[in-house]
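Coordinate analysis (summary)
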Amino acid sequence: MKIKHVDNEKGSTLLVVMGLLMASIFISFIFFDFFTTFATKRVSQTSADAAALAASNEAKEVYNKELTKELKDRMDELKKDAEKEKEKEGEGEEPPAEDDGLLDGIFDGVGKEMPADLEAWLEDPTVDVDLNDALKYLFEEEEVNQIACGAINANRSRIEEAARHYATKNKSDDVEVEFFYNNAFQIYVEVKKGAEFVTVDEEALGENNQVKANASSVIQSPKGINIICN
């Protein structure tokens with residue numbers, strides 16, 4: 001007796017096709033999530049870089065303004081002392097025997113050779129002065145440190161605002177700023193940005209849903225001066 005078989009595999013083929021289709025869709029979602037995470041990381045890193053650079057530039061502007069003011073005051077004081085020496089010479093007073101010239105003895109304790117352009121400026125205010133050389137002559141490095149670090153510490157909120165501004169422009173809102181990172185004259189910034197997923201519940205991830213990026217930027221110091229803020 002022969003048993004007849006019904007050769008109808010349409011149903012099985014349909015199930016296989018549907019299974020492959022569902023697997024393909026799921027894999028595409030996974031790739032989409034990977035791409036989204038990568039793109040978010042790139043955006044976050046750009047935000048961190050921009051924020052750190054903006055903060056360091058703002059810090060430089062802050063301390064440079066204060067340092068320029070202090071330097072101007074010190075140069076004015078030097079000029080007044082030079083004029084007093086001239087007046088004494090005009091009145092016939094002789095400088096002490098150990099003095100070799102008009103400007104010797106001004107700013108006692110400096111113990112440095114006055115830059116030629118600064119000395120010429122005392123005689124002629126139209127002479128251009130290398131402010132960096134004048135700074136190193138008129139200030140000890142420790143004084144420069146105190147002025148620069150003090151100005152930055154007094155304006156931390158302004159510097160942090162500059163970092164947040166540029167981070168926000170690059171679509172990152174959660175920004176943390178650390179001053180004098182690793183005891184160096186630099187600023188460290190960390191930003192966080194939430195990632196969006198298709199295959200995972202974002203709320204279930206909680207804080208793990210944050211994509212982090214960080215960057216640090218050195219605050220430019222005056223040439224030949226090493227600024228360290230504790």
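Residues numbered from 1 in each chain as written. Predicted model: local features only at pLDDT ≥ 70, side-chain atom pairs only at ≥ 80, totals over all residues. Heavy atoms only, no water.

**A closer look at the environment of Arg164**
With respect to the helices, strands and loops of the structure, Arg164 is situated in helix α5 (residues 156–169). In this structure Arg164 comes out as partly exposed when scored by relative accessible area, which is 34%. Along the chain, Arg164 and Ser47 lie 117 residues apart, while their C-alpha atoms are 9.2 Å from each other. (Helix = DSSP H or I, 4+ residues; strand = E, 2+ residues; numbered from the N terminus. Buried < 20%, exposed > 50% of the residue type's maximum accessible area, 1.4 Å probe, protein only.)

**Some details on the confidence of the model for the chain**
For the chain, per-residue confidence averages 80 on the pLDDT scale, and residues scoring 70 or more make up 72% of the total. Put simply, helix α6 (residues 202–205) is where the chain has its lowest mean pLDDT, 49, and helix α4 (residues 141–154) is where it has its highest, 95. Note that residues 98–109 has pLDDT below 50 and, in this model, 16 contacts with residues that lie over four places away or in other chains. (pLDDT = per-residue confidence, 0-100. Contact = heavy atoms within 4.5 Å.)

**A short note on the side chain of Gln186**
Examined against the element boundaries, Gln186 turns out to sit in strand β2 (residues 186–194). We classify Gln186 as buried; its relative accessible area is 13%. Dropping the residues within four chain positions of it, Gln186 is found in contact with Glu178, Phe179, Phe180, Tyr181, Ser216, Ser217, Val218 and Ile219.

**Details of α4**
Here α4 contains 14 residues, and its C-alpha end-to-end distance of 20 Å stays within 8% of the 20 Å for a straight helix at 1.5 Å per residue. The complete set of buried residues in α4 reads Val144, Asn145, Ile147, Ala148, Cys149, Ala151 and Ile152. (Expected span 1.5 Å × (residues − 1).)

**So, the nonpolar core**
Counting residues in hydrophobic clusters, the biggest one holds 45 residues, and the most contacted among them are Tyr63, Leu118, Ile152, Phe185, Ile187, Val189 and Ile227. Listed by contribution, the elements that provide at least two residues to this core are α1 (10–90), α2 (116–123), α3 (131–138), α4, α5, β1 (174–179), β2 and β3 (210–218). Looking at this core, the element that brings in the most residues is α1, giving twelve residues. Setting aside residues up to four positions removed in sequence, Phe185 forms contacts with Tyr63, Ile152, Phe180, Val218, Ile219, Gln220, Ser221, Ile227 and Cys229. (Core = buried A, V, L, I, M, F, W, Y, C linked by side-chain atoms within 4.5 Å.)

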